[in-house]
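Tertiary structure, described
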Amino acid sequence: MTTVTDLVAEAAALDAADPLAHKRNEFDLDPGIAYFDGNSLGAPPKHVADRVAAVVREEWGGRLIRSWSEGWWEAPVRVGERIAPLVGAAPGQVVVADSTSVNLFKALVAATRLNPGRDEILVDADTFPTDGYLADEAARLTGRTVRRVVAEGMPDEVSDRTAVALINHVDYVTGRVHDLAALTEALHRKGTLALWDLCHSVGALPVELDAAGVDLAVGCTYKFLNGGPGAPAFLYVATKWLDRFEQPLAGWAGDRDPFAMRGAYEPHAGMARGRAGTPDILSLLALDAALDVWDGLDLGLLREKGLALGDFFFRCTDELLDGARIPTPRGDDRGHQISIVDDDAAKTMAALIERGVIGDHRPPNVLRFGLAPLYTTFGEVLRAVTTLGELRLRELRS
């Protein structure tokens, strides 16, 4: 029988052998906290605070309006190019601008224009609610209808009526990974465009948009990319569609010559056409600094550690949480999140947080533990499971 002492030794050995262990030192984390909510808000890299302070003091305070022509205006495209390798995109296809919701709306409406004569939008039935809300509004404004189907069933549900299908790469409740390449190929066989939401996969596992032939994608930067609360999102448009990508929010920042102040909008020839309004420079440059932790990183190692953390989480729950209900897949078809069903999830998570184990919950009954390979340790995984076990034992005794 495996004991807690055995698991402590195992966690220590795994942490000692971790090829990414040094990355944790780059983050500003309280050593007394075990943080498992990087799938909602990533931890800050240590140097970001100094970078933001320098932007405020020197670029905004010192250079004032001159900073717009000294790098600020081009930052959305420049920072997009830094994200491109993390999603398997060649240069010229990613821009950082606006929020995930705004970019989803742009992409959905643009997709109906790229694929005219089709009156249906398919939406992953288990999607994050915002995705569904936006699909409904895009459909209402473009004269389409929305049909919700489970992601795995889309190959059988898609038809010659379907303009675009919106799918989450990683399910935000269970942590299940959907097969990006296979589903994209199945959609394309019916002439349907593939729009992927990468919010829970970018920065957690390798993503290969170009290789899979994905048409459009969006993703946030404040989760596993650690860009900070409310950091701007990114938009991907495959090169083959770029010159025909007509987004509905024709703001001045996406114009081919924004400062000409012409009366008629003409989209920029490149990925800047995905922009709408004036960029949020402070958040954008905080993200730019946060992306430094990815320079030269082997995404294969990232994925290996994320899976290993999950495997150890399962091992600990099997040994210490008899009968735990876990909807997260145990194979490679999972992201870097473990979900546990708990009948009083909100209360349980509040108790965990009081004890220094920070995760989150989703109604009605799911505890979520995000495993950020750049800073989560195996020792912290064991701490989370043992703390949860202690809470359950206390509940049984009360």
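Residues numbered from 1 in each chain as written. Predicted model: local features only at pLDDT ≥ 70, side-chain atom pairs only at ≥ 80, totals over all residues. Heavy atoms only, no water.

Details of the pattern of salt bridges
This structure, assessed with the given rule, holds 31 salt bridges. For the salt bridge of Lys 305 with Asp 18, the shortest nitrogen-to-oxygen distance reads 2.7 Å. Remark: Asp 18 occurs in the loop between helix H1 (4–17) and strand S1 (34–35) and Lys 305 occurs in helix H11 (residues 299–320); sequence separation between them is 287 residues. Lys 305 sits in the buried class, given a relative accessible area of 7%. Asp 18 gets classed as buried once you look at its relative accessible area, which sits at 11%. For Arg 51, the salt bridge is made with Glu 59, and the minimal N-O distance between the two is 2.9 Å. Here the salt bridges do not stand alone but share partners, grouping Arg 78, Arg 82, Asp 288, Asp 292 and Asp 295 into one network. (Salt bridge = Lys/Arg side-chain N within 4 Å of Asp/Glu carboxyl O. Helix = DSSP H or I, 4+ residues; strand = E, 2+ residues; numbered from the N terminus. Buried < 20%, exposed > 50% of the residue type's maximum accessible area, 1.4 Å probe, protein only.)

Thoughts on the UniProt feature "modified residue: N6-(pyridoxal phosphate)lysine" (unreviewed entry) in the protein
In the numbering used here, UniProt assigns the "modified residue: N6-(pyridoxal phosphate)lysine" (unreviewed entry) feature to Lys 223. Structurally, Lys 223 can be placed in the loop between strand S7 (216–219) and strand S8 (234–237). Ignoring any residue separated from it by four or fewer positions in sequence, one finds Lys 223 in contact with Gly 38, Asn 39, Ser 40, Leu 41, Gly 42, Cys 199 and His 200. (UniProt positions renumbered as here; feature names shortened; annotations may be inferred. Contact = heavy atoms within 4.5 Å.)

Thoughts on the domain arrangement of the protein
When cut into domains, the protein gives domain 1 (4–31 + 298–397) and domain 2 (50–294). Taking the mean C-alpha position of each, domain 1 and domain 2 sit 30 Å from one another. Summed over both sides, the interface of domain 1 with domain 2 buries roughly 1,700 Å², with 63% coming from carbon and sulfur. When the area that domain 1 buries against domain 2 is broken down by residue, the three leading residues are Leu 299, Asp 333 and Gln 337, summing to 25%. Taken together, the links from domain 1 to domain 2 amount to one salt bridge. (Domains from an automatic or database assignment. Buried area = accessible area lost by both parts, 1.4 Å probe.)

Considering the nonpolar core
Of all hydrophobic cores here, the largest spans 83 residues; its most connected members are Ile 83, Val 87, Leu 108, Trp 196, Leu 198, Leu 209 and Trp 294. Looking at which element gives the most residues to this core, the answer is helix H4 (residues 100–114), with eight residues. Domain assignment of the residues forming this core places at least three in each of domain 1 (4–31 + 298–397) and domain 2 (50–294). Once you skip the residues sitting within four places of it in the chain, Ile 83 turns out to touch Val 94, Val 96, Thr 221, Leu 225, Phe 234, Leu 287 and Leu 291. (Core = buried A, V, L, I, M, F, W, Y, C linked by side-chain atoms within 4.5 Å.)

Side note on the sheet that holds S8
Strand pairing within a sheet occurs via backbone hydrogen bonds; the two strands may be parallel or antiparallel. Spatial ordering of the open sheet is given by S2-S8-S7-S6-S5-S3-S4, a layout of seven strands whose pairing is mixed. Taken across any chain shown, the strands that pair with only one partner, and hence form the sheet edges, are strand S2 (94–96) and strand S4 (145–149). Strand after strand, the sheet turns through a mean of 20 degrees between neighbouring axes, direction not considered. Two strands pair when backbone bridges link them, and S7 and S8 are joined in this way by four bridges, in the antiparallel orientation. Directly across from Gly 219, in S8, lies its bridge partner Phe 234. (Pairing = 2+ DSSP bridges. Axes fitted to C-alpha atoms, helices over the stretch in contact; angles between N-to-C directions.)

Structural notes on the sheet that holds strand S11 (residues 360–362)
Pairing in this open sheet of three strands is antiparallel, and the strands run S9-S12-S11 from one edge to the other. In this open sheet, the two edge strands, each paired with only one partner strand, are strand S9 (337–341) and S11. Each strand axis lies, on average, 30 degrees off the axis of its neighbour in the sheet, ignoring direction. Inspection of the sheet shows S9 paired to strand S12 (residues 366–370) by five bridges, in the antiparallel sense. Across the sheet, the residue bridging to Ile 340 is Leu 367, located in S12. Lying over the sheet, H11 contacts S9 and S12, oriented at roughly 25 degrees with respect to S9.

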